[in-house]
Amino acid sequence: MENIFDILDYVEENDVRFIRFLFTDLYGVNHNISVSIDDLQRALEDGLLFKSVPIDGYKTNDDIELLLEPDLKTFSTLPWRPQQGSVARLICNVTNLDKSPLNTDSRQILINILDYAKKIGIEFEIGAKIEFYLFENGDNDKPSRTPVDEAGFYDIAPLDKGENTRREIILTLEEMGFSILNSYHEEGPGQHQIDFRMADPLTCADNIQTFKSVVKTIAQQNGMHASFMPKPLNNNPGSGMHIMITAYQDNKNVFTGEDGSYSKEAEYFSGGILKEFTAITAFANPIVNSYKRLASSFNKKNLQWNPTSKDPIIRIPKNLNNSTYLIFRTPDAAANPYLLFALLIGSGLNGVINKTNPKDIEVSLPRSLIDSVNALAESKDIKQIIPKELIEEFIVDKNLEWENYINTVHDWEIDKYFKII
């Protein structure tokens, strides 16, 4: 919807009783404040005041309070809520009290990089392929670590016991305006993948945030627990979030070369990402567990520029109808999609501007969260995309997370050493 009065009319005609004003913190976690219909018009017109100090990414702001400024185009009802007295949502930017853009707001950071790209004549589309596991609920509805089935690639019911849940997830998403490309059972037991069609990057990032909430909610309603954890099971595949990127200039695909293969711009764009790969990984794979998946899924031969091979970190599928796109394969769904997209686009554009040859980049895979965080601290180019104060907060928090991890005794250590030493 494009204006306030359309929303107010819809709310009244469809018995919507509550509207969630959603926003995202530094780590991609959704937060919301619920507004009743009696206060809706004021909130839509003036924004919604909230205390920013408890929320990651807004702690360093001088103002104790900030505003939630709703993006009216994101209005949607939540199909899983009761139809009578239903609930809707609006995705918000976080702004200063005078409604000026806040430079540490994740969504605004992506908007800024897209505005920059548009000024130089380039527009982007992004899609996502997201993997997740479905686990059984145990006693008292607490999640177990037992997958709901033992099915594998492309299996169907009755082997695929999550098929109905996956279908319900897709129907819910489509009711909310999503365009789903395909879905299927993945390699791991209880593992699934759902792919989004290409959309503008801001819409795709919004959709990822909504997607994770829908998947978890529908799974819970069906007596299951959905997990996007990158490596939830030993000796089974991890779950990633592959990002598809394409670019257009004057309605022409920038990544398609004259011979129908990929263009020099596609190479340079990839070179820009590979140049900052280790630092980008801090945001693309932002938790300790992320590196268990990376270690088991990628090796040295995957890292160097070879985009038509089977499993590189950046792949360029065979061109169909002059619609060449890149697939960045290392991220996982723990990432904040707004910051991830901003980094990929910003670094890629730097590569195009500087004609960065990906063949000249020696890429190394960070072995741990602290490796990528240290690379982030050293990167000057990343600080041109994400504000310095946000990076500093991220680094402090992630160093603390790493310290907590290495100071914790884990089950593997007990099993390995406890009885024999």
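Here, the structure is the one placed above.
What comes next is a walk through the structure. Quick caveat, the model's predicted, so the values are computed rather than measured.

Before going further, it helps to spend a moment on the overall build of the protein. A tally of regular secondary structure across the protein gives 13 helices and 15 strands. The C-alpha radius of gyration of the protein comes to 22 Å, within 12% of the 22 Å expected for a compact globule of 421 residues. For the C-alpha atoms alone, the extent of the protein along its principal axes is close to 60 × 55 × 45 Å. Taking all 421 residues of the protein together, 54% fall into the buried category. Contacts spanning at least 24 positions in sequence make up 70% of the contacts within the protein whose residues lie at least 6 apart.

Taken residue by residue, helix α8 (residues 290–297) has Ser290, Tyr291, Arg293 and Leu294 as its buried positions. With its buried residues spanning 155 degrees around the axis, α8 presents them on a single face. For α8, the secondary structure elements touched by its buried residues are β12 (241–249), α7 (277–284) and α11 (369–378).

In this section: the side chain of Gln108. Relative to the helices and strands, Gln108 is located in helix α3 (residues 106–119). A polar contact of 2.8 Å, which involves the side chain of Gln108, links it to the side chain of Asn112. Those residues in contact with Gln108 that sit more than four places away from it in its chain are Asn93, Pro101 and Leu102.

With that settled, the discussion passes to a nonpolar patch on the surface. Residues Trp412, Tyr417, Ile420 and Ile421 make up a contiguous nonpolar surface patch of about 540 Å² in total accessible area. As for its placement among the helices and strands, Trp412 is situated in helix α13 (residues 411–417).

Turning to the pattern of salt bridges, a few remarks are in order. One pass over the full model with this rule turns up 13 salt bridges. Here Arg166 makes a salt bridge to Asp160, at a shortest N to O gap of 2.8 Å. Using a relative accessible area of 8% as the deciding quantity, one classes Arg166 as buried. Ionic pairing is found between Asp311 and Arg329, a salt bridge with its closest N-O pair at 3.4 Å. On the criterion of sequence distance, the pair formed by Asp311 in the loop between α9 (300–303) and β14 (314–315) and Arg329 in the loop between β15 (326–328) and α10 (337–354) is long-range, its members being 18 residues apart. According to the relative accessible area criterion, Asp311 is partly exposed, its value standing at 30%. Exposure remark for Arg329: the relative accessible area of 13% places this residue in the buried category. Each member of the salt-bridge network shares a partner with another, and the members are Asp71, Lys73, Arg107 and Asp206.

Inspection of the secondary structure puts Gly121 in the loop between α3 and β7 (123–137). Among residues more than four places away in sequence, those in contact with Gly121 are Tyr248 and Gln249.

The next thing to look at is the nonpolar core. Of all hydrophobic cores here, the largest spans 93 residues; its most connected members are Phe211 and Ile243. Aside from chain neighbours lying at most four places away, what touches Phe211 is Ile130, Phe132, Leu173, Phe178, Ile194, Phe196 and Phe228.

Inspection of every chain in the model, using the stated rule, returns zero disulfides. Considering cysteine sulfurs only, Cys204 is the nearest to Cys92, which forms no disulfide, with 19 Å between them. Residue class for Cys92 comes out buried when judged on its relative accessible area of 2%. Among the residues examined, Cys204 registers a relative accessible area of 1% and is labelled buried.

Cut-offs and rules
Residues numbered from 1 in each chain as written. Predicted model: local features only at pLDDT ≥ 70, side-chain atom pairs only at ≥ 80, totals over all residues. Heavy atoms only, no water. Helix = DSSP H or I, 4+ residues; strand = E, 2+ residues; numbered from the N terminus. Rg over C-alpha atoms; globule rule 2.2 N^0.38 Å. Buried < 20%, exposed > 50% of the residue type's maximum accessible area, 1.4 Å probe, protein only. Contact = heavy atoms within 4.5 Å. Arc of directions from axis to C-beta. Polar contact = N/O pair within 3.5 Å; in protein donor to acceptor, adjacent residues only side chain to side chain. Patch = residues over 30% accessible without salt bridge, like charges linked within 9 Å, V, L, I, M, F, W, Y side chains within 5 Å. Areas by Shrake-Rupley, 256 points an atom, 1.4 Å probe, with all protein chains shown as cover. Salt bridge = Lys/Arg side-chain N within 4 Å of Asp/Glu carboxyl O. Core = buried A, V, L, I, M, F, W, Y, C linked by side-chain atoms within 4.5 Å. Disulfide = S-S within 2.5 Å.

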